[in-house]
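Here are the chains, one letter per residue:
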Amino acid sequence: MVPEILFLKQEDVIKAGLLDMKMVMEETEKTFQMIGQGQVINPTKVRLGMPSEENWDSYCMSMPAYIGGDIDVAGFKWASESKANAQLEGVPYGIDIVILSDPKTVFPKAILDGTITTAMRTSATAGILAKYNALKGTKAACLVGAGVIGRTMIMAMMEAVPTLEEIHLVDLVVEKAQGLAKEFEGKIKVIPYTDVKEALQDTQLLVTETTARAPFVKKEWLLPNMTVIQMEGQSCEPDILLTADRVVLDNWSQMSHLKGILVNQLVEAGKLKREDIVELPEMVNGVAVRQNEDQFVYCGSAGVGSVDIMLANKFYENAKAMGIGTKLNLWDNPLWV
C-alpha cells in the first residue's frame, strides 16, 4: 500500500476556504463543543525555545490533537516564530504547518501551510469568546495590535458582535492601523490610535493581540462591566484577571502550565485555581453563561491545536472535492516492514 499525501500550499488552502471567517468560526465553535463533550484529545503544547526558553530568538512548538466523533482525524501543528523574520521583507514572523493522519492506519494524509490558519483561528477563538461574553449591544471595541492578527481580529469581531459599529485599533506603528482602517473602509469604521488608554474611551470590549512581553494595560482604564479578551500572555496587568467577576479560559490545563504567560504565573503564585475559572467548552455547551451585564469578564486564550486540526481537515476535504493540491507519496516500497 502506497500512502498518498495531499500537499496544500498557502494558495491552495485559501482556495479551500481559509479566508471565510464565518465558516472558520463555525468550525472553531464546533471544536470547543466537541472538547466539552469529551470527543477531543488535546495535549498541552510543547515549545522549544532557541537558544533558550527564557531568552528565545526563535521557537518551534508542537501542538498535537485527536478529534473523534464524525471528524475522526489525528494531526499536529508545527508552529514556529523568529525575531529575525521581523527584519526580513516579505517574510512572515511566524511560519506554521499542519500534518493530518488517519487515526487507524496512522498514514499521513495531508500537509498544509498553517501560517494564515493560525491568524484566522486565533481571531475566531477570540470571536467565540466575544460571542458568549461581550456585553449585549456592544457598539465599540478596542483592538490592540494591527499586525496580521489585527486584520483577522477585525473580521472575527464583525462576525461575532453584530451590533459593533466601530473599532478603535491601536498600534505603535500608526501606519499599520491606518492601513487596516483603509482596508475595511465601507465595512466597519476603524479608528487608528497609538495610545491604548485613549483608544479605550467609549468602548465596551477590549481585545489584545500583541507580542508584548510585559503588561501595559491597566485596570483603572477599563469600565467596571467590560469584557477583556487577552490573546497572548503578557499585555494585561495581573489585577485585571484577579479582580474579574468571571475568568474564562479556552483551556485550563494548557494555560495553567504554559510558562511565560500571566495565567501560569498566577497559578504558580497560588493566586489562581481551577475552581476560579470557567472553560470556553463549558460555555459553548451551555453549562456556563455570562450571569449578568454588570460583570467584569476576563477571557484568555493561548490557542489549542485541535482547532488547527479541525480547520485543516475541513480545508483538506474541501480541497479534495475541488481537485486542488499536489499529491505526494511517502514511499514506493517501504523498507524493512
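In this text, all values refer to a predicted model and were calculated from it rather than measured experimentally.

Cut-offs and rules
Residues numbered from 1 in each chain as written. Predicted model: local features only at pLDDT ≥ 70, side-chain atom pairs only at ≥ 80, totals over all residues. Heavy atoms only, no water. Pairing = 2+ DSSP bridges. Helix = DSSP H or I, 4+ residues; strand = E, 2+ residues; numbered from the N terminus. Salt bridge = Lys/Arg side-chain N within 4 Å of Asp/Glu carboxyl O. Buried < 20%, exposed > 50% of the residue type's maximum accessible area, 1.4 Å probe, protein only.

### Brief notes about the pairing of strand S1 (residues 4-8)
On any regular strand, side chains alternate: one points to one face of the sheet, the next to the other face. Relative to strand S16 (residues 326-329), S1 runs antiparallel, the two being bridged by 4 bridges. Note that in S16 the partner of Glu4 across the bridge is Asn329. In this sheet, strand S7 (residues 108-113) lies alongside S1 in parallel orientation, the contact comprising 3 bridges. For Phe7, the partnering residue across the bridge sits in S7 and is Ile111.

### Quick notes on the pattern of salt bridges
Opposite charge on two side chains allows them to pair when their charged atoms are near. Under the counting rule described, the total for this entry stands at 14 salt bridges. With a closest N to O distance of 2.8 Å, Glu53 and Arg47 form a salt bridge. Looking at Glu53, the relative accessible area reads 28%, which means it is partly exposed. Across the salt bridge formed by Lys104 and Asp72, the nearest N and O atoms sit 2.8 Å from each other. With Lys104 in the loop between strand S6 (94-101) and S7 and Asp72 in the loop between strand S4 (58-67) and strand S5 (73-82), this residue pair connects regions lying 32 residues apart in the sequence. You can call Lys104 exposed: its relative accessible area is 68%. According to the relative accessible area criterion, Asp72 is partly exposed, its value standing at 24%. Within this structure, Lys77, Asp96, Arg121 and Asp308 form a network of salt bridges that share partners.

### As for the side chain of Asn85
Here Asn85 is to be found in the loop between S5 and S6. With relative accessibility at 13%, the residue Asn85 sits in the buried group.

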